[in-house]
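Geometric and topological summary
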Amino acid sequence: MITKNKETTQLASLHVDESHRNMAVAKLVESALLNGEGHLTSTGALQVTTGKYTGRSPKDKFIVREPSTADHVAWGDVNQALTPEQFDSLYSKTINYMKSRKLFVFDGYAGADRAYRLPVRFINEYAWQNLFVHQLFIRPAADELLSYEPEFTVIAMPGMKADPAVDGTNSETFIAISFERKTVLIGGTHYAGEMKKSIFSVLNYLLPFRGVMPMHCSANVGEAGDTALFFGLSGTGKTTLSADPDRRLIGDDEHGWSATGVFNFEGGCYAKCIGLTQEKEPQIWNAIRFGSVLENVWIDAGTGEADYKNNALTENTRAAYPIDYIQDSIIPGTAGHPNVIIFLTADAFGVLPPVSKLTKEQAMYHFLSGYTSKLAGTERGVAEPEATFSTCFGGPFLPLRPNVYAEMLGDNITKHGVKVYLVNTGWSGGPYGIGERMNLSYTRAMVKAIMNGSIEKASFTSHPVFGMLIPDAVPFVPHELLDPRNVWADKSAYDRKAKQLAQLFAHNFEKFSGIADAIKYAGPRL
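Residues numbered from 1 in each chain as written. Predicted model: local features only at pLDDT ≥ 70, side-chain atom pairs only at ≥ 80, totals over all residues. Heavy atoms only, no water.

Observations regarding the overall build of the chain
Basically, it comes down to this: Only DSSP runs of H or I covering at least 4 residues are called helices, and only runs of E covering at least 2 are called strands; the numbering of each starts at the N terminus. We take the radius of gyration over the C-alpha atoms and set the globule estimate at 2.2 Å times the residue count to the 0.38 power. The buried label applies to any residue whose accessible area, calculated with a 1.4 Å probe on protein chains only, is under 20% of its type's maximum; exposed applies above 50%, and partly exposed to all values in between. Throughout, a contact is declared for two residues whenever any of their heavy atoms are within 4.5 Å. Only the protein chains shown count as covering a residue, and every accessible area follows the Shrake-Rupley method with a 1.4 Å probe.
Helix and strand counts for the chain stand at 14 helices and 29 strands. Since a compact globule built from 526 residues should have a radius of gyration of about 24 Å, the 23 Å found for the chain is in line with a globular shape. On the principal axes, the C-alpha backbone points of the chain span a range of 70 × 55 × 45 Å. Out of the 526 residues in the chain, the part that is buried amounts to 58%. A fraction of 72% describes how many contacts in the chain between residues 6 or more apart in sequence connect residues 24 or more apart. By element, 51% of the accessible surface of the chain is carried by carbon and sulfur atoms, the whole surface being about 21600 Å².

What follows is the structure in structure tokens.
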């Protein structure tokens, strides 16, 4: 039974029926099915589609320029400004839109560490989206709900569309964050990931002021209590390599690093599942059951079986499920300070070593750079890959200036004696189209050597262009693979390609200001 307090009064003012607050999973699934929002799959998961928006809409994300944020936010293409008046107008339109609709509420937390957790209320137009946040965020105990008070409220109304000419948006879609109103407004898009990442953006703003480094990374812990962090953009192997049967998962995507250690921001996982197989990813495969949400995954109309190979709707197919669906995961998601940090890149130039050790300054340089490469073109391949740089491996979600996050990383590396490695899961022996993708078993062996410390027994040689330290031996990895130049048939072609990639790094780094010289000089040597 829910007691009358100021929270119920607030919900009444927002036209929310109390009976639809913090509904059980089964009731949310039932409501979604009754409302025609999705279908049950053969494993009991709820399958939904999100229409034309099957991913985030970064050009439609805004932060309100308020007195408290004006001097702190790194305004620009990533953090676009909205005036308080524009936000208030959108807010009024959204409230009016809500009046005639059945709404769903979830009260949860972002942050497994009680000292830093953020109480967040989600108000949704659709039952399936409320189920999504119920599974992705941390679910309060029954006694916590009796005195629950949100610090932030996310109002997600996919059917509510903006008028760019009037509202100051770029399209009908909007994701607008007001730190003074402590409210996020989302409209014009059905993609549920906008709710997850809007709160990640909120935490990326708030936590550094409290001495906590927010991170876009996965994390796991070994039997000895040793913690590892994996940073990497899409396609680099962040989820695959952190899902280690010999280690326990802390979280797959978002974490904080405080004075006491690492903690997960979330209570669930949001895994890409294009091409998912039981053999390759058994943990994710087994997690897709009743209570899970499948976004934009094709299912057979007759049998309800999911076809994970089918990309007819999007390549960005997703599965959302609570982290306790992963066997032996860490609950609550807290652990000690990391012993190692692994930066993952899929270098399609075939230039970077498969594994290398970084100094603190090199770690800060590569953290700021956030490099990987994506492949453009047709199925027949492309002549040249496209380099991609995402600041701090999470550029779209960083409201503050990049050096804030980089300096926190550097301080933590020094304070806790953390070893940092760069692991290239991309190409070897030549660029994409000529070389071969690094064998996953070799990559796993390199990661294992990092974890157990055996890699430290090797002798290291500095890369002539990028400067990182290359080991001369790693257990169960062919010696000749470790120096990337050695496995190119045409050594001069390697030198030219290395110089080309180094120039891309240097050009990207020109956008940063206020960076110490020691970090600038830790980049490639031109």
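Moving on from the coordinates now.
Looking at the sheet that holds strand S7 (residues 152-157)
The following threshold applies: Paired strands, in this sense, are two strands between which DSSP finds at least two bridges. Fitted lines through C-alpha atoms give the axes, limited to the stretch in contact for helices. The angle between two N-to-C directions lies from 0 to 180 degrees.
The sheet built from seven strands is open, its strands ordered S4-S3-S8-S9-S7-S6-S5 with mixed pairing. Each having just a single partner strand, strand S4 (80-82) and strand S5 (104-110) make up the two edges of the open sheet. Across the sheet, the mean angle separating the axes of adjacent strands is 20° when strand polarity is ignored. Two elements, S5 and strand S6 (residues 118-124), share seven bridges in a ladder whose sense is antiparallel. From the neighbouring strand, Phe-104 faces S6, where its bridge partner is Asn-124. Its contacts with the sheet put helix H7 (residues 193-206) on strand S3 (61-64), S5, S6, S7, strand S8 (174-178) and strand S9 (183-187), and the angle it makes with S6 is roughly 150°.

Quick notes on the packing of helix H10 (residues 360-369) against helix H13 (residues 491-509)
Selection rule: Angles are sorted into four bins: roughly parallel if under 35 degrees, roughly antiparallel if over 145, roughly perpendicular if 65 to 115, and oblique for all others. Gly is put with the polar residues, along with every residue not named as nonpolar or charged; the nonpolar set is Ala, Val, Leu, Ile, Met, Phe, Trp, Tyr, Cys and Pro, and the charged set is Asp, Glu, Lys and Arg.
Two elements in contact, H10 and H13, have axes whose closest approach is 10 Å; the angle formed by their N-to-C orientations is 80°. Taken together, the axis directions place H10 and H13 in an arrangement best described as roughly perpendicular. On H13, the residues that touch Tyr-365, His-366, Leu-368 and Ser-369 of H10 are Phe-505, Ala-506, Asn-508 and Phe-509. In terms of residue class, the contact of H10 with H13 is built from five nonpolar, three polar and no charged.

Overview of the UniProt feature "binding site: substrate" (unreviewed entry) in the chain
Using the following cut-off: UniProt positions are given in the numbering used here, feature names are shortened, and annotations may be inferred rather than shown by experiment. Polar contact is the term for a pair of N or O atoms within 3.5 Å; when the atoms are in protein, one must be able to donate a hydrogen and the other to accept it, and sequence-neighboring residues count only if both atoms are side-chain atoms.
In this structure's numbering, the residues bearing the UniProt feature "binding site: substrate" (unreviewed entry) are Arg-56, Tyr-191, Lys-197 and Arg-318. Considering the C-alpha atoms alone, the annotated residues occupy 263 residues of sequence yet fold into one spot, their largest mutual distance being 14.3 Å. Along the chain, the position of Tyr-191 falls in the loop between S9 and H7. On the accessibility criterion, Tyr-191 (5% relative accessible area) is buried. Inspection of the secondary structure assignment puts Arg-318 in strand S19 (residues 318-322). Judged by relative accessible area, which is 17%, Arg-318 ranks as buried. Dropping the residues within four chain positions of it, Arg-318 is found in contact with Tyr-191, Tyr-270, Ala-271, Lys-272, Cys-273, Val-293, Leu-294, Glu-295 and Val-297. Among the polar contacts made by the side chain of Arg-318, one reaches the main-chain carbonyl oxygen of Tyr-270 at a distance of 3.0 Å.

Some details on the sheet that holds strand S15 (residues 268-272)
Taken in spatial order, the five strands line up as S1-S2-S16-S19-S15 in an open sheet, and their pairing is mixed. On the outer flanks of this sheet lie strand S1 (39-40) and S15, each paired with one strand and no other. Here S1 runs beside strand S2 (residues 46-48); their pairing, made up of two bridges, is antiparallel. Within S2, the residue paired with Leu-40 across the bridge is Leu-46.

Focus: the nonpolar core
When a protein is soluble and globular, its nonpolar side chains tend to lie buried together. What counts is decided by this rule: Throughout, nonpolar core names a set of buried Ala, Val, Leu, Ile, Met, Phe, Trp, Tyr and Cys residues whose side chains join them through atoms within 4.5 Å.
One finds Phe-343 and Phe-367 to be the most contacted residues of the largest nonpolar core, which totals 104 residues. Per element, the largest residue contribution to this core is seven residues, and it comes from H13. Apart from residues lying up to four places away in sequence, Phe-367 is in contact with Met-213, Phe-231, Phe-343, Thr-391, Cys-392, Phe-393, Tyr-405, Ala-406 and Leu-409. Judged by nonpolar contacts, the second largest core, of 22 residues, contains Ala-228, Phe-230, Ile-342 and Met-451.

So, the packing of aromatic side chains
Rules: Ring pairs shown here join Phe, Tyr and Trp side chains whose ring centres sit within 6.5 Å, with only the six-membered ring taken for Trp; geometry is labelled stacked below 30 degrees between planes, edge-to-face above 60, and tilted in between. Only when the NZ of Lys or the CZ of Arg is both within 6 Å of the ring centre and within 35 degrees of the ring normal is a charge said to sit over the ring.
The final tally for this structure, using the stated rule, is 29 aromatic pairs. Clustering of aromatic rings is evident, with ring pairs tying together Tyr-365, Tyr-371, Phe-389, Phe-466, Phe-505, Phe-509 and Phe-512. Looking at Arg-117, its charged tip hangs above the ring of Tyr-109, at a distance of 3.7 Å from the centre. Sitting above the plane of the Phe-460 ring, Lys-357 keeps its charged end 5.5 Å from the centroid.

Examining H7
Applied cut-off: What a helix is expected to span follows from its residue count: subtract one and scale by 1.5 Å.
For H7, with 14 residues, the first-to-last C-alpha span of 20 Å sits near the 20 Å given by 1.5 Å per residue. Burial analysis of H7 places 13 of its 14 residues in the buried class, which makes it a mostly covered element.

As for the pattern of salt bridges
Pairing is possible between side chains that carry opposite charge, provided their charged atoms lie close to one another. Formally: Whenever Lys or Arg places a side-chain nitrogen within 4 Å of a carboxyl oxygen from Asp or Glu, that contact is recorded as a salt bridge.
Scanning the entire structure with this criterion turns up 20 salt bridges. As a salt-bridge pair, Glu-172 and Lys-161 come within 4.0 Å of each other at their nearest N and O atoms. With Glu-172 in the loop between helix H6 (164-167) and S8 and Lys-161 in the loop between S7 and H6, this residue pair connects regions lying 11 residues apart in the sequence. A residue is classified by how much of its surface remains accessible, and Glu-172, at 23% relative accessible area, is partly exposed. Residues joined by salt bridges that share partners form a network here, namely Lys-196, Lys-197, Lys-238, Asp-253, Glu-254 and Glu-266.

So, the pairing of S7
In terms of burial, S7 is a largely internal element, six of the six residues being buried. Alternating positions in S7 separate into two faces, Phe-152, Val-154 and Ala-156 on one and Thr-153, Ile-155 and Met-157 on the other, with burial throughout. When S6 meets S7, the two strands line up parallel, connected through five bridges. Bridge pairing links Val-120 to Phe-152 in S7. Looking at chain direction, S7 and S9 are connected through five bridges and run parallel. Bridging across to S9, Met-157 finds its partner in Gly-187.

A short note on helix H11 (residues 402-416)
Compared with an ideal rise of 1.5 Å per residue, which puts 15 residues at 21 Å, H11 spans 22 Å between its outermost C-alpha atoms and is within 8% of the ideal. Restricting attention to buried positions, one finds in H11 the residues Asn-403, Tyr-405, Ala-406, Met-408, Leu-409, Gly-410, Asn-412 and Ile-413. Contacts made by the buried residues of H11 are with H7, strand S10 (213-221), strand S13 (254-257), strand S21 (338-345), H10 and strand S25 (419-424). The positive-phi residue at the C-terminal boundary of H11 is Gly-417, with phi of around 60°.

Some points on a nonpolar patch on the surface
Just so we agree on the cut-off: A residue counts toward a patch only above 30% relative accessible area and without a salt bridge, and it is joined to like-charged neighbours within 9 Å or, for Val, Leu, Ile, Met, Phe, Trp and Tyr, to nonpolar neighbours within 5 Å.
On the surface, Leu-33, Leu-40 and Phe-290 cluster together into a nonpolar patch covering about 240 Å² of accessible area. As for its placement among the helices and strands, Phe-290 is situated in the loop between helix H9 (282-287) and strand S16 (293-295). Residue Phe-290 is classed as partly exposed on the basis of its relative accessible area, which comes to 38%.

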